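Tertiary structure, described
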Amino acid sequence: MEVEEDSKIPGIVEENGHGGSDLTKKKKYWMGCLRAESDESGNVDLSVDFPGERAEPTHLVVMVNGLIGSAQNWRFAAKQMLKKYPQDLIVHCSRRNHSTQTFDGVDVMGQRLAEEVRMVIKRHPSLQKISFVGHSLGGLIARYAVACLYEQDLPQNSEEPKERIGGLEPVCFITSATPHLGSRGHKQVPLFSGSHTLEKLATRMSWCLGKTGKHLFLADGDDDGKPPLLLRMVSDRRNLKFISALRCFKRRIAYANTSFDHLVGWSTSSIRRRSELPKLQRGPVNEKYPHIVNVEAPGTSSNHEEVQSETNSNESKNFDMEEEMIRELTKMKWERVDVSFRGTVQRFLAHNTIQVKTKMINSAGADVIQHMIDNFEP
């Protein structure tokens, strides 16, 4: 959660950190037992302080906002996660990429996030584990960042090398409504209602969202003669091990809206081919989570040959890129959680409701956040 340094929120106590120069000063705030600590760059980490003792959490959870978003978007989820695991976690709601900075491109934002995470880890020497939670574009930014942070700890004996993210043990990589396959064609942006004309127009107009737009619509390949960035991000490159970094997490979980998400389609957010989208039951899988309509255990996609045979030859370029991304990403196991806000007024805001971006108008997604927290490994 982002807390401004001149905040006047009642109940928040401000304290300068000990040290010499301004560059080493920290500020701390308390909201009840909730501790918020900021550095000279304005980065804020949340943890829980208990009376009479100083908690030393070992698990860092990095929350990443989407397009034109901010750290404030994770205010609700961060607080709920700390309530559930008060002694285990430090929750860092990233603020490095916000507002119009989210137009700068997935690669630039991924590098910023990686540097931000390094600073957080340096501030908290007790950390041993790391997890990421990304909403929408934030999931792609996180995928790029973990590749920047990926490293192998080579032992001196014959043991297998240990894979680390920023020197920490990777645990959970969670995305919600993230366009893993991009937004180009094939009903990946439901707002266009499957119109090929609108989809083509959107691709041509992707520059309106800056470099990020080109990345999302796979329109950046002609800029430097390389494949589109999202296509490059499904394989290990010389300097960036995109797949190795993603694979080294103990769990990978994709939350996806099945309908009423006008910006990110069900297929791209759940990393499935359209023929693989499940038929949903009428009610929730668990009464505790009324808006979760399907939970798919970790597994890999199995009907590649069937889908390939059904493809028309005139769909070649878009389908080939999409198919290659699916094929490579599903070589590792994903847990998939399908969400539906059908029957609620907030269904028309599904893209933000799945995150509970603003509690007042996205409260229907609270059970989805609770499901994520209940199934988290601290």
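From a predicted model like this one, the values you see are computed outputs, not experimental measurements.

Criteria and thresholds
- Residues numbered from 1 in each chain as written.
- Predicted model: local features only at pLDDT ≥ 70, side-chain atom pairs only at ≥ 80, totals over all residues.
- Heavy atoms only, no water.
- Helix = DSSP H or I, 4+ residues; strand = E, 2+ residues; numbered from the N terminus.
- Buried < 20%, exposed > 50% of the residue type's maximum accessible area, 1.4 Å probe, protein only.
- Contact = heavy atoms within 4.5 Å.
- Areas by Shrake-Rupley, 256 points an atom, 1.4 Å probe, with all protein chains shown as cover.
- pLDDT = per-residue confidence, 0-100.
- Core = buried A, V, L, I, M, F, W, Y, C linked by side-chain atoms within 4.5 Å.
- Phe/Tyr/Trp six-rings, centres within 6.5 Å; stacked < 30°, edge-to-face > 60°.
- Lys NZ or Arg CZ within 6 Å of the ring centre and 35° of its normal.
- Axes fitted to C-alpha atoms, helices over the stretch in contact; angles between N-to-C directions.
- Parallel < 35°, antiparallel > 145°, perpendicular 65-115°, else oblique.
- Left-handed = near helix turned anticlockwise from the far one by under 90°.
- Nonpolar A, V, L, I, M, F, W, Y, C, P; charged D, E, K, R; others polar.
- Expected span 1.5 Å × (residues − 1).
- Pairing = 2+ DSSP bridges.
- Salt bridge = Lys/Arg side-chain N within 4 Å of Asp/Glu carboxyl O.

Per the secondary structure count, the protein chain includes 14 helices and 13 strands. A buried classification covers 53% of the 378 residues belonging to the protein chain. Sequence-distant contacts in the protein chain: of pairs separated by 6 or more residues, those separated by 24 or more amount to 70%. With the model as given, the accessible surface of the protein chain reaches about 17400 Å², and the carbon-plus-sulfur share is 49%.

Here we take up the confidence of the model for the protein chain. Considering every residue of the protein chain, the mean pLDDT works out to 83; 74% of them sit at 70 or more. Considering only residues more than four positions removed or in separate chains, one finds that residues 1–24, a stretch of pLDDT under 50, has 48 contacts. Note on residues 300–316: pLDDT is under 50 here. Beyond four places in sequence and across chains, it has 23 contacts.

In this section: the nonpolar core. By size, the foremost hydrophobic cluster in this structure holds 51 residues, and its most contacted members are L60, V62, L113, V117, I130, F132 and I165. Within the residue set of this core, elements represented by two or more residues are β5 (59–64), α2 (106–123), β7 (129–135), α3 (137–149), α7 (229–232), α8 (242–247) and α11 (316–329). In terms of residue count, the dominant contributor to this core is α3 (9 residues). Once residues lying within four places of it in the same chain are set aside, the contact partners of V62 are H92, L113, V117, I130, S131, F132 and V133. Within the second largest apolar cluster, 36 residues are counted, among which are V61, W74, C93 and C172.

The next subject is the packing of aromatic side chains. Scanning all chains against the criterion turns up 6 aromatic pairs. Taken together, F132, F173 and F249 form an aromatic cluster joined through their ring pairs. The ring of F260 has R347 lying over it, and the distance from NZ or CZ to the ring centre is 5.5 Å.

Contact geometry for helix α1 (residues 75–84) and helix α14 (residues 366–374): axes closest at 10 Å, N-to-C directions at 40 degrees. One finds that α1 runs oblique with respect to α14. Where α1 crosses over α14, the handedness of that crossing is right-handed. For the pair α1 and α14, contact is made by F76, A77, Q80, M81 and K84 and by A366, I369, Q370, M372, I373 and D374, respectively. Its residues assigned to classes, the contact of α1 with α14 shows 7 nonpolar, 2 polar and 2 charged.

Further remarks concern α2. End to end, α2 covers 26 Å across 18 residues, agreeing with the expected 26 Å (1.5 Å per residue, within 8%). For α2, the set of buried residues is V106, D107, M109, G110, L113, A114, E116, V117, M119, V120, I121 and R123.

This next bit is on the pairing of strand β13 (residues 334–339). The element β13 is extensively covered by neighbouring structure, given that 6 of its 6 residues are classed as buried. Of the two faces of β13, the one holding W334, R336 and D338 and the one holding E335, V337 and V339 are both buried throughout. By the bridge criterion, 5 bridges tie strand β11 (residues 251–257) to β13 in an arrangement that is parallel. Following the sheet pairing, Y255 is matched in β13 by V337. Where strand β12 (residues 292–299) meets β13, 5 bridges bridge the pair, whose relative direction is antiparallel. Bridged to V295 within β13 is V337.

The next thing to look at is the pattern of salt bridges. Evaluated as defined, the whole model comprises 16 salt bridges. The residue E323 makes a salt bridge to R273 at a minimum N-O spacing of 2.7 Å. Of this pair, E323 sits in helix α11 while R273 sits in the loop between α9 (266–270) and β12, and the two are 50 residues apart along the sequence. The pair formed by E323 and R273 is uniform in burial state, with each residue classed as buried. The closest approach of N and O atoms between E296 and R336, which form a salt bridge, is 2.9 Å. Residue E296 is found in strand β12, and its partner R336 is found in strand β13; the two are separated by 40 residues along the sequence. The partly exposed category is assigned to E296, whose relative accessible area is 27%. Put simply, K250, R251, E335 and E377 are held in one network by salt bridges that share partners.

Let us now look at unusual backbone geometry. Backbone geometry places I271, a non-glycine residue, at a positive phi of 55 degrees. Along the chain, I271 falls in the loop between α9 and β12.

Moving on, we come to the side chain of D107. Residue position: D107 is located in helix α2. On the basis of relative accessibility, which here comes to 15%, the residue D107 falls in the buried class. Ignoring sequence-local partners within four residues, the contact set of D107 consists of Y144, K211, H215 and L229.

What follows covers the pairing of strand β10 (residues 169–176). With respect to burial, β10 is a largely interior element, 7 of its 8 residues being buried. Sheet analysis places β7 next to β10, joined by 6 bridges and oriented parallel. Directly across from G134, in β10, lies its bridge partner T175. Pairing geometry for β10 and β11, over 5 bridges, is parallel. Across the sheet, C172 pairs through a bridge with R251, a residue of β11.

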